[in-house]
Amino acid sequence: MEVFKGNFTQQEPLPQDAIDAAVNVLNTGRLHRYNLKEGDAGEVSSLELEFAKSIGADFCLAVASGGYALATALRAIDVKPAQKVLTNAFTLAPVPGAIASINAVPLLVEVTENLTIDLDDLEAKASQSKVLLLSHMRGHICDMEKLMEITNRHGIKVIEDCAHTMGAGWNDKPSGSYGVIGCFSTQTYKHLNSGEGGFLTTNDPLIIAKSIALSGSYMMFDKHLSAPEKNMFEAIKYETPNISGRMDHLRAAILRPQLKELDKNVIRWNERYRTVEAILQDVEGIFLIERPGKERFVGSSFQFLLKDFAYLEIQSLVSSCRNRGVELKWFGKDEPHGFTSKYDSWKYIPDQKMAKSDKIINSTLDMRLPLTFSVEDCRVIATIIRQEVEARITS
Ligand SMILES: *Cc1c(COP(=O)(O)O)cnc(C)c1O
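Only a predicted model underlies this, so the values are computations on that prediction, with no experimental measurement involved.

Some words on the environment of Gln315
Within the secondary structure layout, Gln315 lies in helix 10 (residues 311-323). On the accessibility criterion, Gln315 (37% relative accessible area) is partly exposed.

Some points on the pattern of salt bridges
Going through the model one piece at a time under the given rule, you end up with 24 salt bridges. The shortest N-O distance in the salt bridge between Asp248 and Arg251 comes to 3.3 Å. The class for Arg251 is partly exposed, based on a relative accessible area of 24%. One network of salt bridges, with partners in common, ties together Glu43, Glu50 and Arg256.

Overview of the sheet that holds strand 4 (residues 131-135)
The sheet built from seven strands is open, its strands ordered 1-9-8-5-4-2-3 with mixed pairing. Edge strands, defined here as strands with exactly one partner in the open sheet, are strand 1 (59-63) and strand 3 (105-109). Shown here is a sheet whose adjacent strand axes are inclined to one another by a mean of 20°, direction ignored. Pairing between strand 2 (residues 84-88) and strand 4: two bridges, direction parallel. When the sheet's bridge partners are listed, Thr87 is paired in strand 4 with Leu133. Across the sheet, helix 3 (residues 66-76) lies against strand 1, strand 2, strand 4, strand 5 (157-161), strand 8 (181-185) and strand 9 (198-202), angled at about 165° from strand 8, the strand it touches most. Here helix 7 (residues 205-214) sits on the sheet in contact with strand 1, strand 8 and strand 9, set at roughly 20° to strand 1.

As for helix 4 (residues 94-101)
By the burial criterion, the buried members of helix 4 are Val95, Pro96, Ala98 and Ile99. One side of helix 4 holds all its buried residues, which, seen down the axis, span an arc of 155°. Contacts from the buried residues of helix 4 go to helix 3, strand 2, strand 3, strand 4 and strand 5. A positive backbone phi angle near 60° is found at Asn103, which sits one or two residues after helix 4.

Basis of the calculations
- Residues numbered from 1 in each chain as written.
- Predicted model: local features only at pLDDT ≥ 70, side-chain atom pairs only at ≥ 80, totals over all residues.
- Heavy atoms only, no water.
- Helix = DSSP H or I, 4+ residues; strand = E, 2+ residues; numbered from the N terminus.
- Buried < 20%, exposed > 50% of the residue type's maximum accessible area, 1.4 Å probe, protein only.
- Salt bridge = Lys/Arg side-chain N within 4 Å of Asp/Glu carboxyl O.
- Pairing = 2+ DSSP bridges.
- Axes fitted to C-alpha atoms, helices over the stretch in contact; angles between N-to-C directions.
- Contact = heavy atoms within 4.5 Å.
- Arc of directions from axis to C-beta.

The values reported here are purely geometric and, on their own, carry no functional implication.
Structure (structure tokens):
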């Protein structure tokens, strides 16, 4: 029996030009974003301009993490303690965590079998909240026109969590450009790698002014290039608390060359994704997630559902796959281990029963497809999964 030897958490080394850029920054000793030589824009401001341009946003702020971007976004639109914020029942813990960090209250919305937000449940709960923190969890994008129609009709502001959709889009419009704010992560396991880091993007001059002040700008607004008119800061500079979460030049320096490669890497990820998909396509018992024609996705991870499998069967499948080197994450497992995507393990939010999502989450399996895997590796991985599922269907 074939065994896979690769590592599901191994990223590629950084490109040489990123390493060179990092060494240049280290040689200057100027790592803080506002520590600039006369006339020098600096790596962070330059990166902000480049990232804003890449998604067609007017403004971008680079920050310390994706989770920090989410909390800053909520603060920048004045979400208050005890206010309800709609969000997906299936997402990663930094999303409810960002809401909880400002003492607001997550109001969970069910997810569909395509792992996107359930628009019927959103409609049903829309009157209870003025903000939706929408997570494009695992890179699956819902029908964004329908979603925006619902949220606009109810006067709901949308913040997009694009941790898994950097480089993706819906109907030729980049992910992150539908809501009032887009939030991105450059943490190691996302689409750009600076260890930790993130971006907040918006077209709203007041929101970016507040976000810049929130991130800890020490009244050095004028050093930002991706910034609104000066008078925007006049209105908010004494009212906005400093909650430091800036990005530094070292991280920005290694991100700029990677951003240039993003589109090329999206093609590489999708080649791997489609390879796995083709092998699992007609396997009895496996439910694959449909990728709509309007969705431009980044296949950096792969999900499938085993809808008719019992708890013990999935448990045994996950363990057999692990023995053959294939690391599947199973969100249905009683105890969350190595992930934090089970809403009932977020004990800091009010208890909510999500019957539809439970069924879906309990049958969902997930794996990463890092670019260190070759297309042939992906073929081996998918074949192992296929064999393990088929063995259980026929037995
Ligand atoms: C990674 C991630 C984030 C942000 O994570 P950070 O580690 O704070 O950069 C937000 N949402 C989702 C769904 C994520 O996977």
